[in-house]
Amino acid sequence: CFGLLAARLVWLQVFRHDELTLQAEANRIAVVPVVPNRGLIVDRHGIVLASNYSAYTLEVAPRRSADLEALIDDLSQVVEITARDRRRFKRLQEEMKGAESLPIRTKLTDAEVARFMAQRFRFPGVEVKARLFRHYPLGETGSHLLGYIGRINQAEKAAMEDWPDERVANYRGTEYIGKLGLELRYEADLHGTTGFEEVETSAGGRAVRRLKSHPPTPGDRLTLSVDIRLQALVEDMFGSRRGALVALDPRNGEVLAFVSKPTFDPNLFVDGIDVDSWRELNESIDKPLLNRALRGTYPPGSTFTPF
């Protein structure tokens, strides 16, 4: 018996030493991706058209809970969780199968964060995380030009499988991607370079201390030739009429205004649009989601050159 124990000890300590050391380090150390700040979009005068802000998000790890419904019911006694939050969470479960954690509430107030942290021990697998959210400060102005970002869906994940390995690695931890307009066209430039942190974790998976870090590189600042004041003026002159207008500088071909009316608020899509807002946009006879400047068919209009 002692001979068998000695042989087993030699096998583990000598022949499998390197392999088991790597496994032990992998259990002790977690490499956490650090998502970069998305690049700003500004007009020709530096007016910010798309920016970022930080907010707290309450996230649930579905695989660490035996009864999600009961867990969410208990959470709702501490932090307000609406029926819309529950519907969005279920939709995310279907769209992002295998995700480590999913948000059940976004944009928590400081009071809500404090209430949850005081009772955190009751909710294994639930964490408060600071996330960056996209914001379009001018709302509907220039929405067809700017586009919007949204959560990466299953079709986009499948398309990512054809990307080069280095680009896929750069999207580790990223949950949002450009969906339309300039946000989609310049996605690679606006996204930035993902960083990472090596953290030592406890047996329960909680971070104990940071061992090493490599900061992310923010996305590039995208400066447009568009004059957003001219854009807003033209949109206001359209009123409730439908149509499109593209204003160019004939001296160099720069786009000064890119108008499609009616418009929509891209902020609705950032955190997942609710059913009522989507139905209102999708079923409207004015078709506000249609980019008439690119996809509309109209007879040629008069050309006016003020130069």
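Residue numbering note: each chain is counted from 1, following its sequence as written. Whole-chain, interface and lining totals are the exception, using all residues; otherwise, since this is a predicted model, local features are given only for residues with pLDDT of at least 70 and side-chain atom pairs are given and counted only at 80 or more. Think of the side-chain values as coming from all heavy atoms in the structure, minus any hydrogens and water.

With that settled, the discussion passes to the overall build of the protein. The secondary structure listing takes helices from DSSP runs of H or I that are at least 4 residues long and strands from runs of E that are at least 2 residues long, numbered from the N terminus. Across its full length, the protein carries 14 helices and 12 strands. Counting only C-alpha atoms, the protein reaches 95 × 45 × 30 Å along its principal axes. Buried means the residue's accessible area, taken with a 1.4 Å probe over protein chains only, is under 20% of the maximum for its type, while exposed means over 50%, and partly exposed covers the values in between. Counting the 307 residues in the protein, one finds 37% classified as buried. Only heavy atoms matter for contacts: two residues are in contact if any of them lie within 4.5 Å across the pair. Contacts in the protein between residues at least 24 apart in sequence constitute 70% of all its contacts with a sequence separation of at least 6. Each accessible area is a Shrake-Rupley result for a 1.4 Å probe, and residues are judged covered by the shown protein chains and nothing else. Carbon and sulfur atoms make up 55% of the accessible area of the protein, which amounts to about 18,300 Å² in all. As used throughout, the charge tally considers Lys and Arg to be positive and Asp and Glu to be negative, leaving His and the chain termini uncounted. By convention, the charge on Lys lies at NZ, on Arg at CZ, on Asp at CG and on Glu at CD. Computed over 42 positive and 43 negative side-chain charges, the separation of the two mean positions in the protein equals 1 Å.

Glancing now at helix α5 (residues 110–118). Of all the residues in α5, the buried ones are Glu112, Val113 and Phe116. Taken end-on, α5 shows its buried residues confined to a sector of 100°, consistent with a single buried face. Seen from the open side of α5, the exposed residues pointing more than 90 degrees away from its buried face are Asp110 and Ala118. By arc we mean the arc of the directions from the helix axis to the C-beta atoms, nothing more.

Before going further, it helps to examine unusual backbone geometry. Here Lys261 and Pro262 are connected by a cis peptide whose omega angle stands at 0°. Within the secondary structure, Pro262 is located in the loop between β12 (255–261) and α12 (267–270). For Lys107, which is not a glycine, the phi torsion comes out positive at approximately 55°. Its place among the elements puts Lys107 in strand β4 (residues 102–108). A positive phi is found at Lys287, a non-glycine position, where the angle reads about 50°.

Further remarks concern the pattern of salt bridges. Here, a salt bridge means any side-chain nitrogen of Lys or Arg that lies within 4 Å of a carboxyl oxygen of Asp or Glu. By the definition in use, this model includes 21 salt bridges. In this structure, the salt-bridge partner of Glu59 is Arg131, at a minimum N-O distance of 2.8 Å. Highlighted residues: Glu59 in strand β3 (residues 48–60) and Arg131 in strand β5 (residues 126–135), separated in sequence by 72 residues. Residue Asp227 pairs with Arg229 through a salt bridge whose shortest N-O separation is 3.7 Å. For Asp227, a relative accessible area of 17% puts it in the buried group. Of the residues examined, Arg229 reaches a relative accessible area of 52% and is grouped as exposed. What emerges from the salt-bridge pattern is a single network uniting Glu59, Lys129, Arg131, Arg151 and Glu175.

Once that is clear, we can look at the packing of aromatic side chains. Within a pair of aromatic rings, the relevant descriptors are the distance that separates the centres and the angle that separates the planes. For Phe, Tyr and Trp, rings pair up if their centres lie within 6.5 Å, where Trp contributes its six-membered ring, and each pair is then called stacked (planes under 30 degrees apart), edge-to-face (over 60) or tilted (otherwise). If you walk through the whole model with that rule in mind, you get eight aromatic pairs. Between Phe116 and Phe123, the ring centres sit 6.0 Å apart and the planes meet at 20°, which makes this aromatic pair stacked. Its relative accessible area of 0% is what places Phe116 among the buried residues. Take Phe123: its relative accessible area is 1%, and that puts it in the buried class. Between Trp163 and Tyr171 the ring centres are 5.2 Å apart and the planes differ by 65°, which places this aromatic pair in the edge-to-face class. The pair Trp163 / Tyr171 is uniform in exposure class, with both members buried. Through a chain of ring-to-ring contacts, the aromatic side chains of Tyr148, Phe264, Phe269 and Trp278 assemble into a single cluster. Against the face of Phe133 rests Lys107, its NZ or CZ located 5.6 Å from the ring centre. Only lysine NZ and arginine CZ atoms are considered, and such an atom sits over a ring when it is within 6 Å of the ring centre and within 35 degrees of the ring normal. Sitting over the face of the ring of Tyr186, Arg185 holds its NZ or CZ atom 4.9 Å from the ring centroid.

A separate point is the nonpolar core. We define a nonpolar core as any set of buried Ala, Val, Leu, Ile, Met, Phe, Trp, Tyr and Cys residues linked to one another through side-chain atoms lying within 4.5 Å. By size, the foremost hydrophobic cluster in this structure holds 23 residues, and its most contacted members are Ile41, Tyr136, Leu146 and Leu224. If you list the elements that add at least two residues to this core, you get β3, α6 (143–146) and α12. If sequence neighbours within four positions are ignored, Leu224 has contacts with Ile41, Val42, Asp43, Arg44, Leu49, Leu145, Leu146 and Leu182. In terms of nonpolar packing, the next biggest core, distinct from the first, is built from 19 residues, Leu75, Val113, Phe116 and Val128 among them.

On to the side chain of His144. Mapping His144 onto the fold places it in helix α6. A distance of 2.9 Å separates a polar side-chain atom of His144 from the backbone oxygen of Pro288. When neighbours within four sequence positions are excluded, His144 is seen to be in contact with Gly181, Ser260, Pro262, Thr263, Phe264, Pro288, Leu289, Leu290 and Asn291. Between N or O atoms, a polar contact is any pair within 3.5 Å; within protein, one atom must be a potential hydrogen donor and the other a potential acceptor, and residues adjacent in sequence are included only when both atoms are from side chains.

With that settled, consider a nonpolar patch on the surface. A residue counts toward a patch only above 30% relative accessible area and without a salt bridge, and it is joined to like-charged neighbours within 9 Å or, for Val, Leu, Ile, Met, Phe, Trp and Tyr, to nonpolar neighbours within 5 Å. A contiguous nonpolar patch, built from Val10, Trp11, Val14 and Phe15 and spanning about 430 Å² of accessible area, is present on the exposed surface. Mapping Val14 onto the fold places it in helix α1 (residues 2–15). Val14 sits in the exposed class, given a relative accessible area of 54%.

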